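Tertiary structure, described
Take a look at the letters that make up each chain.
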Amino acid sequence: MTTPFLVARDIAKAFGGTQALKGVSLDIAPGEIHGLVGANGAGKSTFIRILAGLNHPDAGRIELDGHSQEIGTPQRATELGMSFIHQELAFVPGMNVLQNIMLGVPKKTRFGLTDWRAIARDVAPIARRVGISAPLNAGVKGLSTAEIWLINICRALVRKARLIVMDEPTASLAASEAERLFAIVRDLSASGVAVLYISHRLDEILSLCTRVSVFRDGRSVAELAGDTLRRPALVEAIVGGAIRDAQRTAPERPRGGVVMEAKKLTRAPKVLGVSLQLHAGEVLGIGGLVGAGRTELARLLFGADRPHSGEMTLVGRPYAPASPAAAVQAGLGLVPEERRAEALFLSKSIAFNLGIANLDKVVIGRYLPLMNRGARTSMAGEIMRSLSIKARSASTPVGSLSGGNQQKVAIGRWLQRTPKVLILDEPTRGVDIGARAEIHRLIRQQAESGMAVLVISSEPDELPELCDRVLVMAEGRIVRELSGAGVSRKAIVEASYVEPEALMEDHLA
Amino acid sequence: MSDIAISARRLSPSTKAALGIFARYGTIIGLLAMIVTFSILSPGAFPTVGNFTNVLNQASLAMIIAGGLTLAVVVGELDLSIGFAASLHGILITGLVVHDKLPIPLAVIIVIALGAVIGLVNGFIVTKVKVNSVIATLGVGTILTGLAFAYSAGVPIVAGVPEAFLQLSLGRWLFGIPNNIIVMIVVLGGLWVLVERTPLGQEIQAVGGNAVAARLAGVNVDRIKILGFVISGMCAALTGILLASRLGSGTASAADSYLLTAFAAVFLGSATLRDGEFHVLGTLVGALIIAFGFNGLNIFGAPTFSQYVLQGAILIIAVGMASLGRSLAER
Amino acid sequence: MSDIAISARRLSPSTKAALGIFARYGTIIGLLAMIVTFSILSPGAFPTVGNFTNVLNQASLAMIIAGGLTLAVVVGELDLSIGFAASLHGILITGLVVHDKLPIPLAVIIVIALGAVIGLVNGFIVTKVKVNSVIATLGVGTILTGLAFAYSAGVPIVAGVPEAFLQLSLGRWLFGIPNNIIVMIVVLGGLWVLVERTPLGQEIQAVGGNAVAARLAGVNVDRIKILGFVISGMCAALTGILLASRLGSGTASAADSYLLTAFAAVFLGSATLRDGEFHVLGTLVGALIIAFGFNGLNIFGAPTFSQYVLQGAILIIAVGMASLGRSLAER
Amino acid sequence: QDKPLLGIVSISATEANNVRYIQGATKAADELGWKTNVVDAAGSADQANAAIQNFAQLKAHAIIDMVFPYSSIGAGLAAAGDAGIPVVTWGGGLGSSVAATNGSGGPMAIPVVDLMVKKMDGKGSILALTYRTGEVCRNREVVMDEIVAKHPEITVTKNEVRIPGYFEDGAQYANAWLASHPAGKENLAIWGCWDDPAIGAIGSLRAQGRDDVLVYGINGNAQALENIKNGFMTATAWQDSFTEGYNMVKMLKDIKDAGGAWQAKAAEVPAVLVTKETVDAFLKDHPEAIK
Ligand SMILES: Nc1ncnc2c1ncn2[C@@H]1O[C@H](COP(=O)(O)OP(=O)(O)OP(=O)(O)O)[C@@H](O)[C@H]1O
Ligand SMILES: Nc1ncnc2c1ncn2[C@@H]1O[C@H](COP(=O)(O)OP(=O)(O)OP(=O)(O)O)[C@@H](O)[C@H]1O
Ligand SMILES: [Mg+2]
Ligand SMILES: [Mg+2]
């Protein structure tokens, strides 16, 4: 084997009282695609942040090209030939695509001024290869999460690094975009660039990686390669035991009456004449490609945006929420797509984050509007147990949780409320396989107790596993309805690519 | 060399724990250290019940206005109108009592209601017209200065201020404790309970923490922001009233300088207990640091210029201790 | 009823386009509208080359200090020390020229270097000691006030200011254009090129736009923030120098009031062209609005109280138009 | 446009004395058939310069600078000089191209300080609230220094107040000073270089229930007179700023008439010492002083 590019030995790191890493080791050879897996909170991102010079290890040693290195700052990490795509998206909202791609990258100049033309010439082919469809001079404000991911990936490529680290790069990507990314990763590998690839999607790991390190509770517990690199072994190493893989369990159940109905809901250009019915006790999935308009649809249902035309009803009565507050009042809940920006109060405790949608439940008395902190803490404790949120206590700030655990907090907020309608936008993004199964079980359980659940997911396997019925959206319209045995990965993917205009006519005919 | 660098970065857990204490209590430790230092430097004059009462009495007005400002910053906005507003309120209450011969309680209620209205206007401009709060409140403050002029023609209202009005601020109606202190404790206590112990307070904190998330969690963000401005406006009114009573006159721009003091207290306080978050208790600590710093330096008899230098240093050191502790502990 | 509500929400594309123009150019339209109004009200005195030159000349100092402040806020920090710093610089330059008899160019260089050092200190306290910039710069500003007192004992330095020094600000060395205007154009032009057209400017914008992202992307955030403070400090020094030259004396606290003016200009400007972002061009527009507002109201001879009311209203309306246009266009 | 314009630039159009001066000046201007325009520079010398330049643009008939020392309005004087407009100051001193001045205020302090020293029997402690940035206050401080220097048994503590913020500063400095100067040990006095900081200190004295400290102000603004009537202030010197304003505008007419032949001069209006004993008689003579 060639000499490793990177060697990390016995890295340990504590945050306050949390021992995030207790001694992990890992090495990567040039040209290798090295997988890194582990449950939420296992310490993967912390390890990456140490490599990136964002955190400093308490103990351990890092060697690059055989030389011991103190990384210290992100700039140093870049100088040493490493490039990172972190779990948190790094972009500046006020800047355009090209400026975001070039963030922190040395730029060509003419007479001391930035030579954007020359830069654009260099970047354009890379952007195309990554699959950025927006013009380089477009602002990033309107772009989807996926496109912003592509920008981050593009940045790593522009730097011409010797090691590219990707922390859950496909969490926000649709299947086609992910495929493109895999091709790029393989290209990079062929040209001698090492890739450290973190994901909760084991299929990806198995098809891409030649070697996989597994972290559990801050320790490296296994390194699998060649013959040992198999799904069951991987799962066992991650959770420390066997797990029943989540399967489609949805039996054909009688569903309840219509809870929510939308008629010809339109908010151009993202949502165009969407009609749907949501029944009590069903899990309705909305599938489609990224950018199909699903998030916008959810926002309309939840009163976060207002429709330009169309009507809605809720339990038979006209429903036109002027704000999310009105929607919540009427009995809706929403778990938004972007948990850090749209769902969480990062500096506040878990209890605060869970309590904020349940304030009526934590008040001492109707006429004594004081908080019952005991009630809040025990409520938080209950939710944390039922979702297995990994944290020291309910008073831990949410910002210090791992990505997957943050997602659980965002979902947990609504479970105590038992809303009539719960909308989940990408509910298991960034969640480990164990927790994913738990979240799915919880969603089913809520539906069985009569709640109407709407799930948006870009993960092709998730909807068939979870839903009774799936609507597929494309370019702002609902293009197909699948139900019962007709719900399958293949059917969803097919429908996603259908020409919506053609289908509309189909429908009318 | 790089080994030394590594070891310098690695702190033992016990060091980290100690630094963690500094991070939480740095400003309070700073306050206590300052009080101890001044007590040693001026043992006869500084650490006496009389002096502490005086400092508190004096600082009460700044604390009340700073407490109100805290609510505005907790919901994520700045309120630069408070000083100008308090000046206007001071003139107005004197006018209502002296010229219009209104009963004092009625006059107080009217003025505090006006404070609420000003807050409402600020809140409306910020949330509905969507003007940045710096510009909105600076603009409103400038307008209020104009109104103060218009009401008084710039002339302080002095003659015939009834003794009962002066007693609002000068009296000691309960156990010989100066009224200002009692009002301050009631107001700050009330604000603390509101923010920390009521469901409404949770919404207030949520809006300040992440307005987008608060909206999607079903909080009426605009209403909460407006509430923050209204409370800020009411506290400014109360300060204006007490100041007019203390001075025995209504004078345009008498309270303008509270703006900077209130900001210093609020931002000092944000380094207390919780990193970078604004909260009522922190503001109280911040205001105490400023008040005791000023008083102690004076009693010690430092020349004016070094008083400024030391005051500036106290601000930075009080926060710096907390912040450095935090960032070292978190390395 | 809900139908009406919905239809009222539908704006025609052309209305939206018009609103979009308001959103971008609202403040500029406001500035022009104000100039037109004053020209109609005072046709003889307001819209003359002489008066416009006069207004620009007057506003130049505020523009320079506001331009510097823009750099501090672009990197996401506030610099409250600038007014106090400019006051100190004014005293210092007068002292160096009058008492120490230094050649003027040397004195200017020394003072601007001191401005850079003050910025460095601010930046260091904010980035390394991690003190919130409000407290850090307020603390430093207070210390500077103390130093200004110490240097001058509070007494203005007047006697023996050489004519050559006065000519710095009063002279018209190029095509009869007042020097202040030329300096202002050079400084603001330089800052604009720096921020908008150089790689360093990209890092500056990135740090302000999203410091976490910039850090993750490998930008040396601390260095950029320090740079912002240094530039702010240097511009404050330049303003202090020109002010001393314009006043013909070095006076403690002479420039303190620039703080509020600079803030107003910077935040007004943030509503220009780009929503809520700070940028040099916007600051220029903001400063012009303030300067023309003051001048026009003066020349029209509005009574004192209504001058305040109108000034406040101008601030709010200028930004409000842009903001309302934006939020309606985005419905 | 037809009526001649009198431009007035005030350091603080809300300060009591400034207001009375403006009233006097306006009255005289009305009598002369001039119109007035007041600009509040809010303590900023730079604003004052801008306002004077604006008046020069307007081709004003004459300009009054209130309190800003001539040394800090260089650019304004230059602009007015170019336009041939006379500038007079009130409390801003005589110098550069200033045509006339009054209200220079230094000598006004003499009777007050003399009385203070006399009541102290030449020994004890004084808290002096000063404001050196202002020309007038600085002159008064010099006067006080000279008189007190003759009494070595008097110790003076000086504190600088700020504008704005003088009430609060006066109170806080008094608090601290009182803490180290308990009652009954020696003769105590608080002296403000103008009334307002002293009034701030009175608030502090009353809050503490201290009646052993004598308080002195200067200017004789309405609130000071009120405090003297009520016994909280011992003495002030009443500056007849209304008459000063009135006289100055009348003199401006002469200045305009004389043109180039005018000799710059000071035209002071004498101040009146007001104490508890004289306050009633004084108010009978000058009812306008407390309006
Ligand atoms: N800044 C911090 N302060 C306190 N605790 C932290 C901090 N950052 C991470 N942690 C803790 O360290 C542990 C490891 O977190 P990390 O983000 O590395 O997990 P992860 O393996 O990336 O998980 P995920 O798959 O959910 O992204 C978690 O328990 C987390 O709560
Ligand atoms: N009002 C809004 N303000 C800001 N961002 C928005 C808004 N509405 C939608 N977005 C963002 O725009 C992106 C595209 O949303 P859209 O609804 O078109 O796609 P989608 O079908 O939901 O795709 P995805 O698979 O990413 O969920 C999403 O990332 C969403 O977060
Ligand atoms: Mg992670
Ligand atoms: Mg989406």
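Residues numbered from 1 in each chain as written. Chains lettered and ligands numbered in written order. Predicted model: local features only at pLDDT ≥ 70, side-chain atom pairs only at ≥ 80, totals over all residues. Heavy atoms only, no water.

Looking at an unreviewed UniProt entry, one finds chain A named Inositol transport system ATP-binding protein and attributed to Mesorhizobium qingshengii. Here chain A is described in UniProt, under the heading Sequence similarities (unreviewed entry), as follows: "Belongs to the ABC transporter superfamily." (UniProt positions renumbered as here; feature names shortened; annotations may be inferred.)

Quick notes on the packing of aromatic side chains
Summed over all chains, the structure comprises 23 aromatic pairs over all chains. A ring pair is formed by B:Tyr308 and C:Phe149, whose centres lie 5.4 Å apart and whose planes are at 15°; its orientation type is stacked. One end of the pair, B:Tyr308, is in helix α14 (residues 304-329); the other, C:Phe149, is in helix α6 (residues 133-152), on a second chain. Under the relative-accessibility criterion, B:Tyr308 is labelled buried at 6%. Here the aromatic residues B:Phe38, B:Phe46, B:Phe52 and B:Phe292 are joined through ring pairs into a cluster of three or more. The cationic tip of A:Lys13 hangs over the ring face of A:Phe15; the distance from NZ or CZ to the ring centre is 5.3 Å. A cation over a ring is seen here: A:Lys348 above A:Phe352, with NZ or CZ 5.4 Å from the ring centre. (Phe/Tyr/Trp six-rings, centres within 6.5 Å; stacked < 30°, edge-to-face > 60°. Helix = DSSP H or I, 4+ residues; strand = E, 2+ residues; numbered from the N terminus. Buried < 20%, exposed > 50% of the residue type's maximum accessible area, 1.4 Å probe, protein only. Lys NZ or Arg CZ within 6 Å of the ring centre and 35° of its normal.)

Some thoughts on the site of ligand 1
Residue and element names in this part refer to chain A. Near ligand 1 there are 19 residues, and of these Asn40, Ser45, Thr46, Ser400 and Gly404 occur at the shortest range. Separating an oxygen atom of ligand 1 from a side-chain N or O atom of Asn40 is a distance of 2.8 Å. A distance of 2.9 Å separates an oxygen atom of ligand 1 from a polar atom in the side chain of Ser402. Per-element tally for the shell around ligand 1: the top contributor is helix α1 (residues 44-51), with 3 residues. Residue classes in the shell around ligand 1 are distributed as 5 nonpolar, 11 polar and 3 charged. Shared between two domains, the shell around ligand 1 holds at least three residues of each, these being domain 1 (6-239) and domain 3 (344-418). (Near = heavy atom within 4 Å. Polar contact = N/O pair within 3.5 Å; in protein donor to acceptor, adjacent residues only side chain to side chain. Nonpolar A, V, L, I, M, F, W, Y, C, P; charged D, E, K, R; others polar. Domains from an automatic or database assignment.)

A look at the interface of chain B and chain A
At the junction of the two partners, chain B supplies 27 residues and chain A supplies 37 residues. Between chain B and chain A lies a buried interface of about 2700 Å² when both sides are counted; carbon and sulfur atoms form 55% of it. There are 1 salt bridge connecting chain B and chain A. Only α1 (2-9), α8 (179-197), α9 (199-209) and α10 (211-216) of chain B provide two or more residues apiece to the side of chain B that touches chain A. Counting residues per element, the side of chain B that touches chain A draws most heavily on α9(B), which supplies 6 residues. Residues of the side of chain B that touches chain A, tallied by class, amount to 10 nonpolar, 7 polar and 10 charged. (Contact = heavy atoms within 4.5 Å. Buried area = accessible area lost by both parts, 1.4 Å probe. Salt bridge = Lys/Arg side-chain N within 4 Å of Asp/Glu carboxyl O.)

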